[in-house]
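Below are the chains, spelled out letter by letter.
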Amino acid sequence: MSGAKSSRFGLRRGGWRLRVAVLLLAAFGVLVISVTNQLLTQRFTENTRNRAEVRLTLYVANLMSELQRNSIVPQLLARDPELIRALDSSDFSLSTARLLSFVDEIGAASLVLFDKDGRIVAATDRNRLGESHRAQAYFLDALRSNDTVFTSEQTEEGGNVSVYSRKMTSGAATLGVIAVEVDLRKLERGWAGVTDAVFVTDSEGTIILSTEPRWRGLVEDAALERASAPSAIQRAIRATTDWAALPVDAYVAGEAVLRREARVPFQGWRMVSYTAYSSVRERVNSVLAIEVMGFAILLALLFWAASRKTASRLVLFQRESAELRALNVALQREIAEREKVEKNLEVAEQTVAQTSKLAALGEMSAAVSHELNQPLAAMKTYLAGARLLLQRKRPEEALSSFQRIDDLIERMGAITRQLKSYARKGADAFEPVDTRAAVSSALAMMEPQLKTRHVEISRTLPSDVPLIMGDRLRLEQVIINLLRNALDATKSERDPRIDVILAAGDEMTLTVRDNGKGIEDLDNLFEPFYTTKQPGDGVGLGLAISSGIVNDLGGRLTARNGANGGAVFEVRLPIFREDLAAAE
């Protein structure tokens, strides 16, 4: 009787301890989740703000680059002897063709030549010939000034036209005006989809550029009233100074909004952007869900441990024979052995996973270093050339170098985006690719290295356009890797030569041949990290990456030694046929 009372007292004391442990664990979990929510919300919100400010700074720089690039065009065209001769002789038969030859290279929306009476005598848009613009501000202001004049006017369709104009003279006589229309709409297309909204206002606060077409020509308050849910947007702008404590009505369609404004150093313009905080809540909630799951598992283990302990006591009190006790001991021994095996297996799995992660990280680091080396080398060459051109006071030619550097930067960004999406490689982003254009682009990127080495390049391209279904950037990457290997293979030759042959038949064949020493080990040529170069000249990933890209495009990359020496690489890819694509 005394033993039964002692047992009941032990069970009651065990239940009291279990309740206290559950309450302490629950309180600790609430505290950890609350602190985590506050810290992560502040951190992710600050990251969102910083990204919005960086994007806004880049947008302002792009806008200023476009305006400055077009501002020098009227000054150059005002000195064109052909246009001056046409205005002086009133013979404009070749003037329109002259302007058309400039517009694609300049990248402007249109070029217009006025005579001194304001009549259009030459234009890239032939439908405008003969129009009179004598009363337009960009014509009158140009006649009154000796410098290039910038004019921004609103069109009847609600858009905005930005024009650079300059007076054309011959001696002291005024002959006419040359005008360049700046295409700023392409910047709007680049802003779309990155943030909720971006717009640019002039010195009077009127919106002249916007990702929302209905906002153009309005001030900011009027634009917000025209957009959907205007009061919610205005409340969100006022409330997002501390997003961690946002009220319920500070959301637009379930999202908080951040407003950022930057000054554009051009005639009092300003740029404003609205950025959504949608990703902040999602990222915080994902971490909180993991923490809640962890505490739930701990509670389950606590109840499991308590129930197991109670069951063990009941078994001890209810066992009826020594045979049952022996069976219980054997069962417990087997459970202990299985738990030990499971723990050993778990440790082994964690070790294998960690080793795989480290190996993948090493390969990706080496791949990034290899793929970015070529654009960086080209940028260094272009920068040196631009510096020399600026020293010789040839800024127009230096601008082309800067444009090529900008293209290389975009290419580097595309390479990093490609590495980020490596896990989802597929054909969903493939499109018809002009292989001739890809070969020409790759040769243009390798031009500085080829000129430095004085390598003779022989290219054979078909007259028709062979198209393949694939990714042009990745195809150019393969061609550049093959050209670079050929360039390295001909270092010791007195008359280095590289042949690039493109042929189209049942399939597209690209051949890159050099007159170097050839390939010593054909079996291991496409293995990762296999290289015959000196340490520091390469890591042996170029051909492995190129082979993988060609396989993804549905083709094959092969190598052999030429009959007259040197190495020969062939890329074979299936031809894209429109009738087959339509049938599919």
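Residues numbered from 1 in each chain as written. Predicted model: local features only at pLDDT ≥ 70, side-chain atom pairs only at ≥ 80, totals over all residues. Heavy atoms only, no water.

I tried to follow the nonpolar core on my own but got confused; where do I start?
In globular proteins that are soluble, nonpolar side chains generally tend to be buried together. In terms of nonpolar packing, the biggest core is built from 45 residues, with Ile 479, Leu 482, Leu 483, Leu 510, Val 571 and Leu 573 touching the most fellow members. Breaking this core down by element, the ones donating at least two residues are α10 (322-391), α11 (395-420), α12 (435-453), α13 (472-489), β14 (497-504), β15 (507-514), α14 (542-552) and β17 (567-574). Broken down by element, this core gets its largest block of residues, 8 residues, from α13. (Core = buried A, V, L, I, M, F, W, Y, C linked by side-chain atoms within 4.5 Å. Buried < 20%, exposed > 50% of the residue type's maximum accessible area, 1.4 Å probe, protein only. Helix = DSSP H or I, 4+ residues; strand = E, 2+ residues; numbered from the N terminus.)

What should I look at first to understand the confidence of the model for the protein chain in this one?
As a general rule, the predicted coordinates of low-pLDDT regions are not to be interpreted in detail. For the protein chain, per-residue confidence averages 76 on the pLDDT scale, and 78% of positions sit at 70 or higher. When pLDDT is averaged over each helix and strand of the protein chain, the minimum, 39, is found for helix α8 (residues 230-239) and the maximum, 91, for β17. Within the model, pLDDT remains below 50 along residues 1-7, and this stretch shows 1 contact once partners closer than five positions in the same chain are excluded. Confidence over residues 421-427 falls short of pLDDT 50; this stretch has 2 contacts with residues more than four positions distant or in other chains. (pLDDT = per-residue confidence, 0-100. Contact = heavy atoms within 4.5 Å.)

Explain helix α5 (residues 137-144) to me, please; I cannot follow it from the model alone.
Every α-helix winds through 3.6 residues per turn, so residues three or four apart in the chain are directed the same way. All of the buried residues in α5 are Tyr 138, Phe 139 and Ala 142. On an axial view of α5, the arc spanned by its buried residues comes to 100 degrees, and they lie on one face. For α5, the secondary structure elements touched by its buried residues are β1 (110-115), β3 (149-154), β4 (160-170) and β5 (173-182). (Arc of directions from axis to C-beta.)

Which parts of the structure should I look at to understand the packing of aromatic side chains?
Two numbers describe a pair of aromatic rings. These are the distance of the centres and the angle of the planes. A full pass over the atoms with the stated rule returns 7 aromatic pairs. When the centroid spacing of 4.9 Å and the interplanar angle of 85 degrees are considered together, the rings of Phe 150 and Phe 266 count as edge-to-face. A residue pair is termed long-range when its members are at least 10 positions apart, and Phe 150 in strand β3 and Phe 266 in the loop between β9 (255-263) and β10 (270-276) qualify at 116 residues. Here the two residues Phe 150 and Phe 266 agree in accessibility, since each one is buried. Members of the aromatic cluster, joined through ring pairs, are Phe 150, Tyr 164, Phe 266 and Trp 269. (Phe/Tyr/Trp six-rings, centres within 6.5 Å; stacked < 30°, edge-to-face > 60°.)

Which parts of the structure should I look at to understand α14?
Among the 11 residues that make up α14, 8 are buried, leaving the element largely enclosed by the rest of the structure. Listed as buried for α14 are Gly 542, Leu 543, Ala 544, Ile 545, Ser 546, Ser 547, Ile 549 and Val 550.

For this particular structure, what's the right way to read the sheet that holds β5?
Picture the strands of a sheet paired through backbone hydrogen bonds; they go either parallel or antiparallel. Read from one edge to the other, the open sheet built from 5 strands follows the order β2-β1-β5-β4-β3, with strand pairing classed as antiparallel. Each of the sheet's edge strands pairs with one partner strand only, and the pair in question is β2 (120-123) and β3. If you compare each strand with its neighbour and ignore which way they point, the axes differ by 25 degrees on average. As defined by bridge partners, β4 adjoins β5 across 9 bridges and the pair is classed as antiparallel. For Lys 167, the partnering residue across the bridge sits in β5 and is Val 177. Packed on one face of the sheet, helix α3 (residues 81-89) meets β1, β2, β4 and β5 and runs near 75 degrees to β4. (Pairing = 2+ DSSP bridges. Axes fitted to C-alpha atoms, helices over the stretch in contact; angles between N-to-C directions.)

In this structure, what is going on with unusual backbone geometry? I would like to understand it.
Among all residues except glycine, the phi angle is most often negative; among peptide bonds, the trans geometry is most common. Positioned with a positive phi, Ser 90 is a non-glycine residue whose angle comes to about 60 degrees. Here Ser 90 lies in the loop between α3 and α4 (95-106). By relative accessible area, Ser 90 is classed as exposed at 55%. The phi angle at Gln 267 is positive, at roughly 55 degrees, despite the residue not being glycine. Mapped onto the elements, Gln 267 comes out in the loop between β9 and β10. Relative accessible area serves as the criterion here: at 46%, Gln 267 is assigned to the partly exposed category.

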